[in-house]
Structures are given as C-alpha cells and as structure tokens.
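# Descriptive structure summary
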Amino acid sequence: MKRFLKIYLEKPELAGAVLLVVLVVLFQLRSNGVFLSAENLRGMLGLLPEMGLVAIGVTVLMICGEFDLSVGSVFALMPMSVAIMLNADVPFAVAVLVGLAICALVGFINGFVTLRFAIPSFITTLGMLFMARSMTVVISGGFPPLLPADLPTWLFTRYVGPGGLIRMSFLWFGAIALLMAALLSLTNLGNWIKASGGFLEAAGAMGIPVNRVKITCFILSSMLAGFAGLVQVLRLGSPLPSIGDGLELQAVAAAVIGGTALTGGVGTVLGAIVGALLIRVIDNGLVLTQVDANWFKFAVGGLTIFAVIANSWLRRTARGIRVDQHA
Amino acid sequence: MTMPIIECRGLHKWYSGVHALKGVSLAITRGEIVGLVGDNGAGKSTLIKILSGVHRQNAGDVLIEGKPADIRTPKHAMRLGIETIYQYNATVPTMSIARNLFIGREPLQWSLFGIGLLDQARMRQESVKAIADVDLHLRSPDALVGELSGGQRQGVAIARGMHFKSKVFILDEPTNHLSVKETNKVIGFVKGLKTQGITGIFISHNMHHVFQSCDRVVAMARGEIVFDKPAADTSIDEVHDYL
Ligand SMILES: Nc1ncnc2c1ncn2[C@@H]1O[C@H](COP(=O)(O)OP(=O)(O)O)[C@@H](O)[C@H]1O
Ligand SMILES: [Mg+2]
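Quantities reported herein were computed from a predicted structural model and do not represent experimental measurements. (Residues numbered from 1 in each chain as written. Chains lettered and ligands numbered in written order. Predicted model: local features only at pLDDT ≥ 70, side-chain atom pairs only at ≥ 80, totals over all residues. Heavy atoms only, no water.)

### A look at the interface of chain A and chain B
Keep this limit in mind: For this analysis, residues touch if any pair of their heavy atoms sits within 4.5 Å. Two parts placed together each lose some accessible area under a 1.4 Å probe, and adding up what both lose gives the buried area. By definition, a salt bridge exists where a carboxyl oxygen of Asp or Glu is found within 4 Å of a side-chain nitrogen of Lys or Arg. Pairing of N or O atoms within 3.5 Å defines a polar contact, subject to two protein rules: one partner must be a possible hydrogen donor and the other a possible acceptor, and residues neighboring in sequence count only if both atoms are side-chain atoms.
Taken together, the 28 residues of chain A in the interface contact 40 residues of chain B. When chain A packs against chain B, close to 2,800 Å² is buried across both sides, 59% of that on carbon and sulfur atoms. Applying the counting rule to chain A against chain B returns 0 salt bridges. Remark: the boundary between chain A and chain B carries 7 residue pairs in polar contact (both at pLDDT 80 or more).

### Looking at the domain arrangement of chain B
Residues and elements named next belong to chain B. Threshold: Domain boundaries shown here were taken from an automatic or database domain assignment. Segments assigned H or I by DSSP are reported as helices when at least four residues long, segments assigned E as strands when at least two residues long, and all are numbered from the N terminus.
Taken domain by domain, chain B holds domain 1 (1-81 + 168-174 + 194-243) and domain 2 (89-166). Of note, the centres of domain 1 and domain 2, computed from C-alpha atoms alone, are 27 Å apart. Here domain 1 packs against domain 2, burying approximately 650 Å² in sum over the two surfaces, 63% of which is carbon and sulfur. For the interface between domain 1 and domain 2, the tally reads 0 salt bridges. The tally of links between domain 1 and domain 2 comes to 2 residue pairs in polar contact (both at pLDDT 80 or more). Every element with two or more residues in the side of domain 1 that touches domain 2 is listed here: α2 (74-79) and β9 (168-172).

### Quick notes on the sheet that holds strand β5 (residues 67-68) of chain B
Residue and element names in this part refer to chain B. This is how the line gets drawn: Pairing between strands requires that DSSP locate at least two bridges from one strand to the other. All axes here are fitted lines through C-alpha atoms, helices being fitted over the stretch that makes contact, and every angle between N-to-C directions spans 0 to 180 degrees.
Taken in spatial order, the 4 strands line up as β2-β1-β4-β5 in an open sheet, and their pairing is antiparallel. The open sheet has two edge strands, β2 (18-28) and β5, and neither has a second partner. On the sheet, helix α1 (residues 44-51) packs against β1 (6-15), β2 and β4 (59-64) and is oriented at approximately 115° with respect to β1.

### Regarding the packing of helix α4 (residues 71-87) of chain A against helix α6 (residues 121-140) of chain A
Residues and elements named next belong to chain A. Stated precisely, the cut-off is as follows: Should an angle lie under 35 degrees it is considered roughly parallel, over 145 roughly antiparallel, and from 65 to 115 roughly perpendicular; all remaining angles are considered oblique. Left-handed describes a crossing whose near helix is turned anticlockwise from the far helix by less than a right angle; the clockwise case is right-handed. Throughout, the ten residues Ala, Val, Leu, Ile, Met, Phe, Trp, Tyr, Cys and Pro are labelled nonpolar, Asp, Glu, Lys and Arg are labelled charged, and all others, Gly among them, are labelled polar.
The geometry of α4 relative to α6 is characterised by a closest axis approach of 8 Å and an angle of 25° between their N-to-C directions. When the axis of α4 is compared with that of α6, the two are roughly parallel. Considering how the two elements wind past one another, α4 and α6 form a crossing that is left-handed. Seen from α4, the contacting residues are Gly72, Ser73, Val74, Ala76, Leu77, Met80, Ser81 and Ile84; seen from α6, they are Leu129, Ala132, Arg133, Met135, Thr136, Ile139 and Ser140. Grouping the amino acids of the contact of α4 with α6 by side-chain chemistry returns 9 nonpolar, 5 polar and 1 charged.

### Some points on a nonpolar patch on the surface
All names here are of chain A. For clarity, the cut-off: Patch membership needs two things, relative accessible area over 30% and no salt bridge, and members are linked within 9 Å if like-charged or within 5 Å if nonpolar (Val, Leu, Ile, Met, Phe, Trp, Tyr). All accessibility values rest on the Shrake-Rupley procedure with a 1.4 Å probe; residue burial counts only the protein chains present in the view. Exposure categories follow from relative accessible area, calculated using a 1.4 Å probe and restricted to protein chains: below 20% of the type maximum is buried, above 50% is exposed, and the middle band is partly exposed.
Together, Phe117, Ile119, Phe122, Ile123, Leu126 and Phe130 make up a nonpolar patch on the protein surface, roughly 580 Å² of accessible area in all. Assignment of secondary structure puts isoleucine 123 in helix α6. A relative accessible area of 45% places isoleucine 123 in the partly exposed class.

### Quick look at the nonpolar core
Heads up, the rule is: We define the nonpolar core as a collection of buried residues of types Ala, Val, Leu, Ile, Met, Phe, Trp, Tyr and Cys that are connected through side-chain atoms lying within 4.5 Å of one another.
Of all hydrophobic cores here, the largest spans 98 residues; its most connected members are Val54, Ile56, Met180, Ile193, Ile208, Ile279 and Val281 of chain A. Here this core gets 14 residues from one element, more than from any other, and that element is helix α3 (residues 38-63) of chain A. Ignoring any residue separated from it by four or fewer positions in sequence, one finds isoleucine 208 of chain A in contact with Trp192, Ala195, Ser196, Ala203 and Val213 of chain A together with Ile103 and Gly104 of chain B. In terms of nonpolar packing, the next biggest core, distinct from the first, is built from 36 residues, Met123, Ala130, Phe169 and Phe227 of chain B among them.

Dropping the structure here:
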C-alpha cells in the first residue's frame, strides 16, 4: 500500500497516462486506424497547446494550494485587448507585451485580494471570471474588431515538423511546458510552491515567503491563459469575446485528471499535459467513432469525478497510515 | 556572570483582548537546557513564537548575545541561529527528506534575484549525513516525509536544525502524538544538546521528561513566569505547587 501511495505521490500523472494509452488504443481500433492518421493527429495536436497552456498554469497554481476560475475570461480578455491595440496602430510585439502585462495585473489582483482578505481564491477568481468577461465584451464594443492582415501569425499557426504534423504553437507550448516543469522540479521556487501547497504552516515557519510565492503562481496562471487565448485568436483569425467560456473548468478537470491534488502540494506539469491531452482525445475520439458528440462533456465530467475520488481515496489512505503511526 | 545567549525583558503580548504575556523576563545562558512548563494557555507557545519570529511582542525587548534583536520573521530567527521544532512538525509530508531538510535554505548552483537552480546532488549528500548525525536510520533521502513515523519526522526537523548549526533549539511540545519509544528518542536528543554546547528550550506537559533532560525548570501561569529554579534544587511536586 505504501509503495502504491509513493508512486502516486511521485508520479501522480501515472493513472492518467495509463488511461490515455488505453483510450488511444481503443479509439484507434474503433476508428479503423483513422485516429492516429497524420491528418487527424494534425488536427488534435493543433488544438492541444491552447488548452494545455491553460491547464499548466492552473496546475501550478493548484500545487501551491490555490484556484483560478478566471482563466477562461482572461483567455478572451488578453487577445481582445491586443486586437484593440493593433487597431490603434500599436506594433504587434508591443501589443502582446502590454496584453501579457494586463494578464499579470489580473493575476496579481486575484492573488492580492485572496491573501489580503484571507478569502478562498475560489471566490476571488469567480468574481474575476465575471469581471474579466464583462470587460472583454465592453472593450470589444459589442462586435469583434478585425485583425490587421499583416500580423506575424505564422509564428503560431504555421505547420512544421515531419509531415507538417504540428503547428508552431506546439513548439511554444513545448518550450513553455519544459520551462515550467524545470521551474517546478529543479529550482528553489518550485520547492517553495510545493511546500506552500503541501503544508502552508510549515512553509511559513521555515521562512518561505508564502504570499509572494502564491502571487507569483496567480500571475503565471493568468499570463499563460492570456497567451493561450492569443494563440487561439491568431489561429481563428478573429477575437471573439466569447472564447474560452467554460475553459476554466476544463482546465481544472485536466489538472485533476492528471493527478493534481485539490488540496495542493501534489501535481506535475506532465500531469496537466496528460489531462489536457485526455480531454482532447475524448473530444476527437468520440467524433471519429461516431458517438454522439454531446457525450463529450459527460465523459470529461465522469472522468473528473473518478479522478477526484481516486485522489481523495489515496489521500485518506495516506492520512490513515500517519494516524496509525502516531498511536 | 557570562552574557546570556537569549534574554527577554518585560515582554508583553496581546491577542485582540487576550493578554497572553504580562511582562515576561528570562535570561538563558549558553549551553543551558531550560524546561518550560505550565498549563494550557499559560503563554509558553506565545513566548517561543516571539523568539522564533512567528509573532512580535507588543512591548519589551529580546536580546540575542547581548544585542537587541527585532525578530521579524522566522527566517530572521533562523539566521540568528534559533531553530524551532513544533508540535505539529514543520515538515511537508508530500516532499522528500532531502527537500525538507533544505526548505527555505536550498543550496543553489546559480541564482538570479534569489531564484535559482537547486544543487540536488549536494542536498542529497548532506541530508544523508545530517540524518545519520541525529541517529536516524532512513533508507534514502528521496523517501517522502509522509511515509515516516511521527518520531522520524521530528528527527528530520531536528536534523535540519543541526545541519544549519543552530545555536538555540526551541522545542514546543515535540513529543505530542508520539509513541513512548519515539518520545524517548526525542528526549535523548534534548539531552544530547548539552554535550554539543547547544542551548535548548524544551516545552513539555510531562514533568518527568523535563526533569530527565533539563538543567533548569521555568514555569509559567497566566502569562507570567511563576517559578524558576535549577532542576537539581527542586522537585516535580514543588513545581506543581506553583501551577
Ligand atoms: N493566535 C492567537 N490568537 C488569539 N489568541 C491566542 C493566539 N495564540 C494564543 N492565544 C491565547 O493566548 C493565551 C496563551 O496561549 P499559548 O501561548 O498558546 O499558551 P500555551 O502554549 O502555554 O498553552 C491563551 O489564552 C490563548 O488562547
Ligand atoms: Mg502551546
């Protein structure tokens, strides 16, 4: 039992990864080989970065013990702000940097309000979900601005790699994922993030600046969500104020399916990717195997509940072991 | 008389209405092991939380080696050489022993603005040694602290303080929730401080434990020190009369 628990704590994404393989094999068989065809993979991997980036940010924040429900709205707010700046003849790079700074500010506010008033981040970011969405609609002026034609869109959308299998956005995603994974497991900040979520009181007593660590994670989560939104808008070619609706819950689902603990302290970037990929695979696989696509949300929901039950069962078992040894 | 390593002068602490410390003065010399006893709510934890930088006094002074010290944060206390072992055990169960040993004080290969790359090889090596030094026998520094028993966890917290060469160890009811065998280990550690010339403040509900391991017994009641004698000159019964 202890060994099982250890595996879970060290590789929390393992169960999700196993499930992923099972589903891929299943869909591959049921779709007569279409699922893993180059063309289908291209479609699936092309969309992964958008959801994956959001899931990574949400996962890191959950590891440090907080939530962000505003990512779906920030996903829309950032590209909308960029589009409006572009229409005011602001250069692309500047517009993107200002857009990211807006995301950072949103993240900072989420974190500051949560910690200053000692309220659950669930509530703070629920408020921000509405506020950021509302701002997006207001600044869009009711109808989406057009994007200028001369944007370096290729930086994100061009197909590259063997057989043009992936988009440029996938490279950004891969690089950011590697960076975040390294941050989490190779740096002292990563240590502090895990400690803050794993046992806040101990982290504070050992001199970790827990509030600064948490605010950093809030900012990261917002910035990744905004960046992901930009990637989607450049792919679609127009900034709709409604994009990213419901994404916050899919991101939490991805994090949880990937083994992130709701109570903090446990989780990995790889898990977030596995979770996001699972959701994409279910989405795509259901379509290919001609199951009514409306089952998609049902499947994601069921999987999430299952993952949380599995997680909390493991956690309870962990606590059980501890109590035994105290007695 | 030698200069005290820690001295409190007229410490007061209020928690919105509760007067938890009412002018506490206490001087502790280097190498002394002080047993701090008293009923629940006497103010023992409040006193040591001020010394370990978790709370700040509302009035009064703390002097470390004769110099006034304004201990603002736990980090600051640790830098002054004060390490605290808490009843709740300040280790993170979801992290490895090696990582727990260096929490907040990680050795880095390089850093920028205080954030940098962990020197994991050094962390593992030094944690193996630090753990062996407190007589704890653990398989691997990569084991998760959550897998350890309560006593082993306190051992990790103690090894952490020893590794960073703390001058003063404060132990706030470190043996709560521990089995008899593990309690004895922690008591053994408190006794061992003496031989290494480390100063200790040991808070416990168990008078026997205090008399076994301490040079001096200080008792608190209702926010004040009501008793203070060398352990050799008093008895459990006498201390009880003051509580
Ligand atoms: N964080 C706090 N907020 C409010 N009151 C507190 C707090 N900590 C302790 N107290 C109060 O201060 C008094 C002393 O508590 P404490 O120092 O924990 O005593 P002891 O450790 O001796 O049991 C008690 O009346 C307790 O209720
Ligand atoms: Mg206490």
